[in-house]
Amino acid sequence: MDISFALTGKGYVIVAADTTAARSIVKMKVDEDKIKVLSPHLLMAFSGEPGDTVQFAEYIERNIRLYQIRNTYALRPPSAASWIRRALADSLRSRRPYAVNLLVGGYDTSTHTPHLYWIDYLGTMSEVPFAAHGYGAYFVLSLLDRYHDPEAPLEEGLATLRRCLDEVAKRLVVTPEKYKVKVVDKDGVREVEI
């Protein structure tokens, strides 16, 4: 049961994901990082089937790094999201499709704007101001719809995220203990404590 959230603000994207690795009723790990740093200004939160998520995330990470090595510059967030969506859609039409849901967030250094993309396991992609995957989405999408401000400073964005995490802790039967939160902005990717 994976839970991931993301939201944009004035010059940043915040991505949060739970750190629990569980299978059925067994909790196997509580320090799993479900957010991959793809480039200096690009993040990807992944959720879904355990084997598929890790394999697909590493495949994406390596190929985006290969692009950067070959071309001496990193992909911009819209281009990276389109390529990731295409890779997921191509796998859907193969014998071994990936069951992976993604939140791709990045900061475009050429236009100085944050971007957030919601991608599901069917290869559907949409650019959104906020997003969620997993059981937590049932509780937080209405909160994000009400409290999200695209012009909010980082502190206000983190406060909105805290409100979402508190709501999940209060309402969801099986609540994750910990979340990993990463921010991407003009200075790059960094992890923040919540």
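Predicted model only: the values in this text are computed from it and were never measured.

Caption draft 1: Layout of the packing of helix α1 (residues 50-71) against helix α2 (residues 77-92). Interhelical geometry of α1 versus α2 gives an angle of 135° and a closest axis separation of 11 Å. When the axes of α1 and α2 are compared, the pair comes out oblique. Considering the relative orientation of α1 and α2, their crossing is right-handed. Contact residues: Phe56, Tyr59, Ile60, Asn63 and Ile64 in α1; Ala80, Trp83, Ile84, Ala87 and Leu88 in α2. Partitioned by chemical class, the residues of the contact of α1 with α2 number 9 nonpolar, 1 polar and no charged.

Caption draft 2: Quick peek at α1. The terminal C-alpha atoms of α1, which comprises 22 residues, lie 32 Å apart, in line with the 32 Å expected from a rise of 1.5 Å per residue. Buried residues of α1: Asp52, Thr53, Phe56, Ala57, Ile60, Ile64 and Gln68, and no others. One side of α1 holds all its buried residues, which, seen down the axis, span an arc of 120°. When the buried face of α1 is taken as reference, the exposed residues oriented beyond 90 degrees from it are Arg62, Ile69 and Arg70. Against β5 (35-39), β6 (42-48), α2 and β7 (100-108) lie the buried residues of α1. Thr72 sits one or two positions beyond α1 and adopts a positive phi of about 60°.

Analysis parameters
Residues numbered from 1 in each chain as written. Predicted model: local features only at pLDDT ≥ 70, side-chain atom pairs only at ≥ 80, totals over all residues. Heavy atoms only, no water. Axes fitted to C-alpha atoms, helices over the stretch in contact; angles between N-to-C directions. Helix = DSSP H or I, 4+ residues; strand = E, 2+ residues; numbered from the N terminus. Parallel < 35°, antiparallel > 145°, perpendicular 65-115°, else oblique. Left-handed = near helix turned anticlockwise from the far one by under 90°. Contact = heavy atoms within 4.5 Å. Nonpolar A, V, L, I, M, F, W, Y, C, P; charged D, E, K, R; others polar. Expected span 1.5 Å × (residues − 1). Buried < 20%, exposed > 50% of the residue type's maximum accessible area, 1.4 Å probe, protein only. Arc of directions from axis to C-beta.

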